[in-house]
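A closer look at the structure
Okay, here's what each chain looks like letter by letter:
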Amino acid sequence: MAEFVLENLRRRFGDALQRVSDDHGDLTVWIGRDRVHEMLVHCKRDPELDFCFCMDVTAVDYLSLGGDPRFAVVYHLYSLKTGKRIRVKTGVPEDDPVVDTAVDVWKATDWFEREVYDMFGIRFEGHPNMKRILCHRDFQGHALRKDYPADLRWKLLRPDDLLDEISTEEMQRIRARVSHPISE
Amino acid sequence: MGLKGERVETTRPGSDTKPPESVFTTTLDKMVRWARAGSLWPLPFGTACCAIEFMSVVSSHYDLARFGAEVVRFSPRQSDMMIVAGTVVDKQAPILKLIYEQMCSPKWVISMGVCASSGGFYRAYHVMQGIDEIVPVDVYVPGCPPTPEGLIYAIMKLQEKIERGEPSHYQVVLDREAAEARERKLARV
């Protein structure tokens, strides 16, 4: 159980915690979109909590459940020091799907946030490279939204080198390398 | 391997010794077909679990070398039989097409497993519903994944096709396109 985690968060955020559930030891806290970044920073920097490991960032579309706001962004955090976990959720409305990025807190959230953008169309304010990561560049719409037709495809006609993360110098170095030892 | 040339019973001039056993006659065309069928060089385009099954086909237990197709090449320029083993997503379609076009003719394509053949259980937003959307396929292998025997059977079927002298599906498509172009030209005249 993670009583001290919840107490710590209550001390700091008080009524800003919109909802708290602790099912079978899985602590989940809901917080407003305006304070979620502050909470993530606190979870990482507070010496008692010390959630050094952001395991996943994902999202939920509550469309068929009549959710208001429609989306929720979910952060899964883990502390290597205390062995505790926490799930932080924040609601995101459909007409303004923007959340502050957590890349400045955990660098690992870079690709997670790009995946959430790709699949749900939720943008992360301040992200260094906010673009699709799984679907190709001619893809339209966001596939994991509940109102996206499950088998609607978009064809990629132009070749995509898929390696835009690599710097130009690095790419030249790779291309210069001979791929087959016999042809050397 | 389908060579049914007649043995020629001749004697050398000035000698009554028979010719060695290994001499036979055939047509050049048949000879080439026999050679092609017996030395397919596979190019594995492996994207998923089917590629693991392909590995066991070329390994010692199933031993594809018995069928003359063990020289696996990872360069399209050195191979003539592409085995697409696994799920091909839309993002990968141009890569598959590019690699296929780099292969020299004559070339054949085996679509291994249901994902490559029809999209399999990925009836979804990201998976091509069969690689024949972009490349002509000669043999389809069902299964998820197909057994090694299944792939070997497909390769044997392809060998039969080559030995019969049937054009590859690639050639069929080329011929059809050429005929259509000719007709369009005639229609203009």
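Everything below is about the structure shown above.
A brief look at the structure comes next. (Residues numbered from 1 in each chain as written. Chains lettered and ligands numbered in written order. Predicted model: local features only at pLDDT ≥ 70, side-chain atom pairs only at ≥ 80, totals over all residues. Heavy atoms only, no water.)

**A word on the overall build of chain B**
Of the regular secondary structure elements, chain B holds 6 helices and 4 strands. The buried share of chain B, reckoned over its 189 residues, is 37%. Restricting the contact set of chain B to residue pairs at least 6 apart, pairs at least 24 apart contribute 74%. Here chain B has roughly 10,800 Å² of accessible surface; of this, 57% comes from carbon and sulfur atoms. (Helix = DSSP H or I, 4+ residues; strand = E, 2+ residues; numbered from the N terminus. Buried < 20%, exposed > 50% of the residue type's maximum accessible area, 1.4 Å probe, protein only. Contact = heavy atoms within 4.5 Å. Areas by Shrake-Rupley, 256 points an atom, 1.4 Å probe, with all protein chains shown as cover.)

**Considerations on the sheet that holds strand S3 (residues 108-112) of chain B**
Residue and element names in this part refer to chain B. Within the open sheet, the 4 strands sit side by side as S1-S2-S3-S4. Their pairing is parallel. Where the open sheet ends on each side, the last strands, each with one partner, are strand S1 (42-46) and strand S4 (139-141). Adjacent strand axes in the sheet meet at a mean angle of 20 degrees, parallel and antiparallel pairs treated alike. Pairing geometry for strand S2 (residues 81-85) and S3, over 5 bridges, is parallel. Paired with Val84 across the strands is Ser111, a residue of S3. Contacts between helix H3 (residues 93-102) and the sheet are confined to S1, S2 and S3, with S2 contributing the most and set at about 165 degrees to the helix. (Pairing = 2+ DSSP bridges. Axes fitted to C-alpha atoms, helices over the stretch in contact; angles between N-to-C directions.)

**Thoughts on the side chain of Lys89 of chain A**
All names here are of chain A. Structurally, the position occupied by Lys89 is in strand S5 (residues 85-92). As a buried residue without a salt bridge, Lys89 has its nearest oppositely charged side chain in Asp23, at a separation of 8.9 Å. Within polar-contact distance, the side chain of Lys89 engages the side chain of Tyr62 at 3.2 Å. In this structure, Lys89 is in contact with Thr28, Val29, Trp30, Ile31, Tyr62, Val73 and Val74, ignoring residues within four places of it in sequence. (Lys, Arg positive; Asp, Glu negative; His and termini not counted. Salt bridge = Lys/Arg side-chain N within 4 Å of Asp/Glu carboxyl O. Polar contact = N/O pair within 3.5 Å; in protein donor to acceptor, adjacent residues only side chain to side chain.)

**So, the pattern of salt bridges**
In this structure the tally under the stated criterion is 17 salt bridges over all chains. For Arg153 of chain A, the salt bridge identified is with Glu133 of chain B, shortest N-O distance 3.0 Å. In this pair, Arg153 of chain A sits in the loop between strand S7 (123-125) and helix H4 (168-176) while Glu133 of chain B sits in the loop between helix H4 (113-118) and S4, so the two residues belong to two different chains. On the basis of relative accessible area, Glu133 of chain B is assigned to the partly exposed category, the value being 35%. Ionic pairing is found between Glu160 of chain B and Lys157 of chain B, a salt bridge with its closest N-O pair at 3.7 Å. Taken together, the residues span about one helical turn, with Glu160 of chain B and Lys157 of chain B both in helix H5 (residues 148-164) at a distance of 3 residues. Glu160 of chain B gets classed as partly exposed once you look at its relative accessible area, which sits at 37%.

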